[in-house]
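Examining the three-dimensional arrangement
As a plain string of letters, each chain reads:
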Amino acid sequence: MVKHQSRSTLVLSLWWFFGVLAIVVMGQRNSSGATTLPTRVVKVGAVLDVGGAMVGKMGLNSIRMCIHDFYVSHPHYKTRLQLILRDSQRDIVTAAGQAVDLIKNEQVVAVIGPITTMEAMFVINLGDKAHVPILTFSEMSPSLSSLHTPYLFQIAQKDYYLTQVEAISAIVQAFGWKQVVPIYVDNGYGEGLIASLTNSFQKAYIRVPYLSAIDFSATNDAIERELYKLMTMQTRVFVVHMTSRLASRLFAIAKDIGMMDEGYVWIVTAGIANLFNSLDSSVMESMEGVLGVRPYIPRTKQLLDFRARWKREFLRDNPTLVDVNLDVFGIWAYDATAALAMAVEKLDNTVFGFTNVSNDSSNVTDLENLGVLRNGEKLREALSNVRFKGVGGEFKVVGGGKLEASPFEIVNVIGNSERNIGFWTPQKGLIRDMDANNSTSKENLRTILWPGDSYSVPKGWEIPTNGNKLKIGVPVKDNGFSEFVKVIHDPITNSTKVTGFCIDVFNAVVEALPYALPFEFIPFENSNNEMAGTYDDLITQVYYEKFDAVVGDTTITGNRSKYVDFTLPYTESGVTMVVPVRDNRKKNAWAFLKPLTWDLWVTIFFTFVFIGFVVWVLEHRINECFRGPTPYQIGTSLWFSFSTMVFSHQERVESNYGRFVVIVWVFVVQILVQSYTASLTSLLTVERLRPAFTDVHQLLKNRLNVGYLEGSFVHEILKDLGFHDNQLKIYKSAEECNDLFTKGSANGGIDAAFDEVPYVMHLLGTYCSKYAMVEPRFKTGGFGFVFPKGSPLVGDISRAILDVSEGGKMRRIENAWLNGSSCQDSNNNAAQVSSSTSLGLESFWGLFLVVGICCLLALVIFLATFIYQHRHILLSHNLPDDSSSIRTRIGKLLNTFHERDLSSHTFKKSDSGVTTSVSSCPPISPSSYTGSGFSATPNTQHKPTQEPPVITTKGIQPLIKPHRSL
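As a convention, each chain's residues are numbered from 1 in the sequence order in which they are written. For this predicted model, a pLDDT threshold of at least 70 governs which residues receive local features, and a threshold of 80 or more governs which side-chain atom pairs are given and counted, while totals over whole chains, interfaces and linings are taken from all residues. Hydrogens and water molecules were not included; the side-chain quantities draw on all heavy atoms of the structure.

Section: the UniProt feature "transmembrane region" (unreviewed entry) in the chain
Note the cut-off: UniProt positions are given in the numbering used here, feature names are shortened, and annotations may be inferred rather than shown by experiment. Segments assigned H or I by DSSP are reported as helices when at least four residues long, segments assigned E as strands when at least two residues long, and all are numbered from the N terminus.
Using the residue numbers shown here, the UniProt feature "transmembrane region" (unreviewed entry) corresponds to residues 598-618, 660-684 and 844-868. Secondary structure across residues 844-868 comprises 96% helix and 0% strand; the distance between its end C-alpha atoms is 37 Å.

Dropping the structure here:
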C-alpha cells in the first residue's frame, strides 16, 4: 500500500513539472517574437481629400494612429485592419470612381469617408448596393439621413443638425434679436441645415427676412457684392454655415468692407467652429467677435495625451502645417476606426468576400458587377452594437447609425484664439458651466467680445447705410375726418404735404427715439389722388414689402395682426355707439313721481295708513282728538299720519306708546323727504340731456337705421349684431353723420352711429351737447402704427409711444387737432349721460323694518296691558248662555275699549264731581256716536262749545299751530 502511494505522488510531480516547463517555454517564445498567434488581414478603404482639405489630412492622421494604437493595446486579437487609401481630390466623380475601385478590385469590407456631403451621396448608394458599411466622421447634411440606408454610419451626434440649430436659436432668443439672415454655401451641404434653421427660428417668432446663398466657387467680387447687399438691410445678425475655406474668404472680405465693426453679430455653425484651432492666424483675427457652436468633448487626461501625440505625428507627416490642431473631426475619425476594428474582431471566424450578382460580363457596367459583400449584414450589426469609452467620450451608436447626443459648446473668437463662454444642452438650455442649473438667460454666459472690439450687446439691427429712407404709406381721406390724416398736393411745386393728428403723433414718437430714423410719407392713392383701396389693402402693402410701414388711423385687429405687426395703441380703444341727446324736462308732467319707484310709493302709502291706525289704537281711549264718529276718527287718523310729512298738527299725542311710535316715524319721514328732494332735484337739473336710446336692442326692435364710417370694419360688427343691410347707412365725415342724425330714420337718416372712440370724440367735440356716447362698447386695439412681421422697430416705437403718452405732448396734440378743449364741459356732460335710476325699496327696507317692529311692539304692550286690566270681563262666569259667552265677552271688551279711560290723567274731576278733558281737542257730543257701530246710547243733547284761544305771554296762540318738533 505504501508503494502504491509513492507511485501516485511521483506521477503528479512529473505532470506538474512538465506543465510549468511548457508555460515557461511558450512565454519565452512569445516574448522573443519567434512565435506569434496567426492573424487575418481585413481590408478597409478610405476615400479622403488628403491633398487640399484640412479635414482629410486630419482624419487620415487619426485613422493611422488608431490602427497602430489599437493593436498595440490588443495584441491578442486575431484580425488586423489594412488601410487602403484613395484620394478623392475634392471631386465628386473622382470620389465615386475611387469607391468603386475599392469595393470591386480591392474588395474592402468597409469604407471610411468621404468628407463632403456631395461626395458621400454617391458612395453611400454604392455601399448600400454592395452591403459595405460606409463610415463618415465629418459634418454631413441631414439629407443623407433621408436615404434610409442601414449601411450608413454617421459618426456624429444624433440629431446633430437639429440640436445645433436649437442652440443657435437659443442664443438669438437670449439676446432678444428679432431678425436673422442666414448665409450659407449654395449646395447640398448648405441647404441641408437652412431648412432646420429657419423652422427653429419661426417657432421662436424670429423673422428670417432674407436667405443669402453663396456659390461654392464664388469669386471674391461675388462675395463682396452679396455682403454689400446685406449692408443695405436693417438686420445685423448673421448665421454663417459653409465650409471653412469659403468662410475664411467671407470674413476677410467682411472685415475689409466694415461688416466686422460694432453693431454686427456673427454666429458660425459647428462646421466652422470645429476648425477654429486649424485656421490661419490672419483668418482668426478677421473673425474677432464671432460666436461659434460646436459639440462639446470633455477634456479628459486621455484626450489631452492623445492630442499631444497626434500633434507630433501630424507635424512629422506635414512639417509645414504648424498651426493645425486636433479638432472634433479628428477625434471622431479615431473613434470610428476603433469601432470598426472591434466589429471586425467580433467576426474573426467569418469569411468575407464578394459574390457577384451576375457572372455574365458581356454587356454589363462595373457598377452592375460590383457584387455583394458576404456577411456584410453581420458586420453592420456588429458595428451597431459596439460600445466602448473612446477619446471623445462614450461611443454608442444609436438610431440612424449616429452617436448619442452630447451638449454643445459656445466659443468666442478673441484675437487669433478662442474662449469658452458657456454651453447649451437640450435639458438645461444656456448655462455657464456643465453643472449649472437650467437657464435661458444671456446673463448666464461669460462676457462676450463682440465685433468692433465692443463689450456692449448689439441691438441686432440698424438703419440701412445706403441712404434710403423708410417708405411709410399713409391713407388718403377724401372729405371726412381729415383731422387724423390729410394729404395736401401743391400743383405749383408738385410737392406733397401730409398733416394730421396721426402724423404729429408719429413725428413726436420718432423724436423720442434714441437714434435718427429717416423716413418719407407716401400717400396710398391712384392717379386721381384718391385712396387706392381700403385700409386692409393699405396694410397688405406692408406685407408685400411695398411699404416699410403705415402711419394713419389704422385700427389694430386680430385678423390684420396675422400679416403685420402693430405698435402699442396711441389712442383710446373701442367701438362705441353715439346717439342724439334730448331735453325732456318740460315734456313729462309726471316727473315728480320719478324719484321713487312704484313699489316704494306703495310701501310708503300703506305705511302711512298703518301708522295712523296704530296711533288711533294707542290714543283712542285717552285722547278726545281720536274720538267721535267713525268717519271722523278715520279722517283724523289719516290726517295725523300724512300731515307729518309737511307740518305739525293740532292733535296732541298723549300716550307714551304713541309718542314713541310717532318719534320713530317722523325720523323715517325726514329721511324719505330728504332723499326724495335730492333725487327730484337731480332729475330736474342734471338730467337735462338724455340719450334718445340707451340700448342697441331698442334700435333692433324698432328697426331703426344706424350709420358707420365708410370702409370701416365696424360694418362686420353691425352685421353680427343683427342689423340688416337696408338699416346700415354710410357717412364719410362728421358733417355727413350730423346730417343723417338730423333726418332721422323716418327720412332716410339714422338714429344712432357706431364708430371708434377717436372718431366719436371728434364728433362730440365738433357738435357740443348734441350727441352722447352710450353703451355697449366693443373692445378693439385702438390706432397703431404698422410694421412688417418681426420688425425690430416695433419695440422701440412702442416704448417711444409710452414716453410721449405719459408726458403732456400727447394731450397738446389732441387739443390741437381733435377739439379737445373747445367743448370739454359739454362733452363730459354728454358723454356721461346715462339712464337715471329711481330710488327703490331696496334702499329703505331697513327703515320700514324698524318702524314695523316699533309699531308692533307698542301695540303688543298696549293690548297686553289693556287685556290684563280688564281680565275680569273675559273671566266672568255669570253669563246665561255658554254657547255665546265668548262672543259676548269680546263684544263687551270692545265696548270697554271704545269708552273713555276716565282713570287717565287726561280726564280730571272738578270739585263739583264733573269729569273734564285736558286735551287740546274739544269733546265730541254723544249724539254724534250714532252709526258708529257701538251700543252706547246718549242720554242728553250736548252741543260742544268752542275752545277759546290760549292766551300766553307771547300773545294769542291760534288753534292750528305751526310746525314744531315733537
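There's plenty left to go through after this.
A closer look at the environment of threonine 350
To keep things clear, this is the line we draw: By definition in these notes, contact holds between two residues if any of their heavy atoms fall within 4.5 Å.
Structurally, threonine 350 can be placed in the loop between α12 (328-346) and β11 (354-355). For the pair formed by threonine 350 and asparagine 375, sequence separation is 25 residues and the distance between their alpha carbons is 7.4 Å. Contacts of threonine 350, omitting those with residues within four sequence positions, involve Arg40 and Asn375.

Brief notes about a nonpolar patch on the surface
This is how the line gets drawn: Patch criteria: residues need more than 30% relative accessible area and no salt bridge. Like-charged residues are merged within 9 Å; nonpolar side chains of Val, Leu, Ile, Met, Phe, Trp and Tyr are merged within 5 Å. In these tables, accessible area is a Shrake-Rupley quantity obtained with a 1.4 Å probe, and a residue counts as shielded only by the protein chains included in the view. Any carboxyl oxygen of Asp or Glu within 4 Å of a side-chain nitrogen of Lys or Arg constitutes a salt bridge here.
Nonpolar side chains collect at one region of the surface, where Val602, Phe605, Phe606, Val609, Ile634 and Leu638 lie side by side and expose about 520 Å² of accessible area between them. Of all the elements in the fold, those that place two or more residues in the nonpolar patch are α16 (598-619) and α17 (630-642). Counting residues per element, the nonpolar patch draws most heavily on α16, at four residues. Tracing the sequence through the fold places isoleucine 634 in helix α17.

Overview of the packing of helix α2 (residues 54-73) against α12
Put simply, the rule is: Throughout, an axis means a line fitted to C-alpha atoms (over the contacting stretch in the case of helices), and angles, computed between N-to-C directions, take values from 0 to 180 degrees. Angular relationships are summarised with four words: roughly parallel below 35 degrees, roughly antiparallel beyond 145, roughly perpendicular across 65 to 115, and oblique for the angles in between. If you view the pair so one helix is near and one far, a crossing is left-handed when the near helix is turned anticlockwise from the far one by less than a right angle, and right-handed when it is turned clockwise.
Across the interface, α2 lies against α12 with an axial gap of 8 Å and an inter-helix angle of 40 degrees. Comparing the axis directions of α2 and α12 gives the class oblique. Handedness of the α2/α12 crossing: right-handed. Packed against α2, whose contacting residues are Val55, Met58, Gly59, Ser62, Ile63, Met65, Cys66, Ile67, Asp69, Phe70 and Tyr71, the element α12 presents Phe329, Gly330, Ala333, Tyr334, Thr337, Ala338, Ala341 and Met342 at the interface.

A look at empty space enclosed by the protein
Keep this limit in mind: The way it works is a 1 Å grid over only the protein atoms, where trapped points that fit a 1.4 Å probe form a cavity and open points with protein on both sides within 12 Å along at least five of seven lines form a pocket, and then any residue with an atom within 4 Å of a point lines it. Grid points are joined across faces, edges and corners, and a volume is the space filled by probe spheres set on the points.
Tallied over the full model, the rule gives two cavities of 30 Å³ or more. In this structure, the second largest cavity encloses a volume near 40 Å³. Considering the residues around the second largest cavity, the lining is formed by Phe481, Val578, Tyr731, Ala734, Cys737, Ala753, Asp755, Tyr759, Val760 and Leu763. Mapped by element, the contributors of at least two residues to the lining of the second largest cavity are α21 (734-743), β29 (752-756) and α22 (757-766).

Quick word on the side chain of threonine 136
Which entries qualify depends on this criterion: Using a 1.4 Å probe on the protein chains alone, a residue whose accessible area is under 20% of its type maximum counts as buried, one over 50% counts as exposed, and one in between counts as partly exposed.
Inspection of the secondary structure assignment puts threonine 136 in strand β4 (residues 134-136). Taking relative accessible area as the criterion, threonine 136 reaches 1% and is therefore assigned buried. If sequence neighbours within four positions are ignored, threonine 136 has contacts with Gly113, Pro114, Leu152, Phe153, Gln154 and Ile155.

Digging into unusual backbone geometry
Each neighbour pair has its own omega, and for glycine 113 with proline 114 the value is -5 degrees, a cis peptide bond. Summarising the element assignment, proline 114 is placed in the loop between β3 (111-112) and α4 (117-130). The backbone phi angle of asparagine 375 is positive, close to 65 degrees, even though this residue is not glycine. With respect to the helices and strands, asparagine 375 occurs in the loop between β12 (372-373) and α13 (376-384).

Some words on the pairing of strand β20 (residues 486-490)
Our working definition: When DSSP finds two or more bridges between two strands, those strands count as paired.
Here β20 pairs with strand β21 (residues 495-499) via five bridges, running antiparallel. Each residue of the ladder has a partner; that of histidine 489, found in β21, is threonine 496.

Details of the confidence of the model for the chain
To keep things clear, this is the line we draw: Residue-level confidence of the predictor is what pLDDT reports, using numbers from 0 through 100.
Overall, the prediction assigns the chain a mean pLDDT of 80, with 81% of residues at 70 or greater. When the criterion is pLDDT under 50, residues 1-6 qualifies, and its contacts beyond four places in sequence or with other chains add up to zero contacts. Note on residues 926-966: pLDDT is under 50 here. Beyond four places in sequence and across chains, it has 41 contacts.

Overview of the environment of threonine 496
As a reminder of what qualifies: Side-chain atoms alone can form a polar contact between residues adjacent in sequence; in general such a contact is a pair of N or O atoms within 3.5 Å, and within protein one must be able to donate a hydrogen while the other accepts it.
Following the sequence through the fold, threonine 496 ends up in strand β21. On the accessibility criterion, threonine 496 (43% relative accessible area) is partly exposed. Along the primary structure threonine 496 and proline 523 are separated by 27 residues, whereas in three dimensions their C-alpha atoms are 8.6 Å apart. When residues no more than four places from it in sequence are discounted, the contact partners of threonine 496 are Val487, Ile488, His489 and Pro523. For threonine 496, the side chain forms a polar contact with the side chain of histidine 489, separated by 3.3 Å.

So, the pattern of salt bridges
As enumerated under the stated definition, the model contains 20 salt bridges in all. The residue lysine 43 makes a salt bridge to glutamate 106 at a minimum N-O spacing of 3.6 Å. Separated by 63 residues along the polypeptide, lysine 43 in strand β1 (residues 40-48) and glutamate 106 in helix α3 (residues 92-106) bring together distant segments of the chain. For aspartate 565, the salt bridge identified is with lysine 789, shortest N-O distance 3.5 Å. Placement of aspartate 565 in strand β24 (residues 564-566) and of lysine 789 in the loop between β31 (786-788) and α23 (793-806) is noted, with a sequence separation of 224 residues between them. A relative accessible area of 34% places lysine 789 in the partly exposed class. In this structure, a network of salt bridges that share partners links the residues Lys43, Arg86, Asp101 and Glu106.

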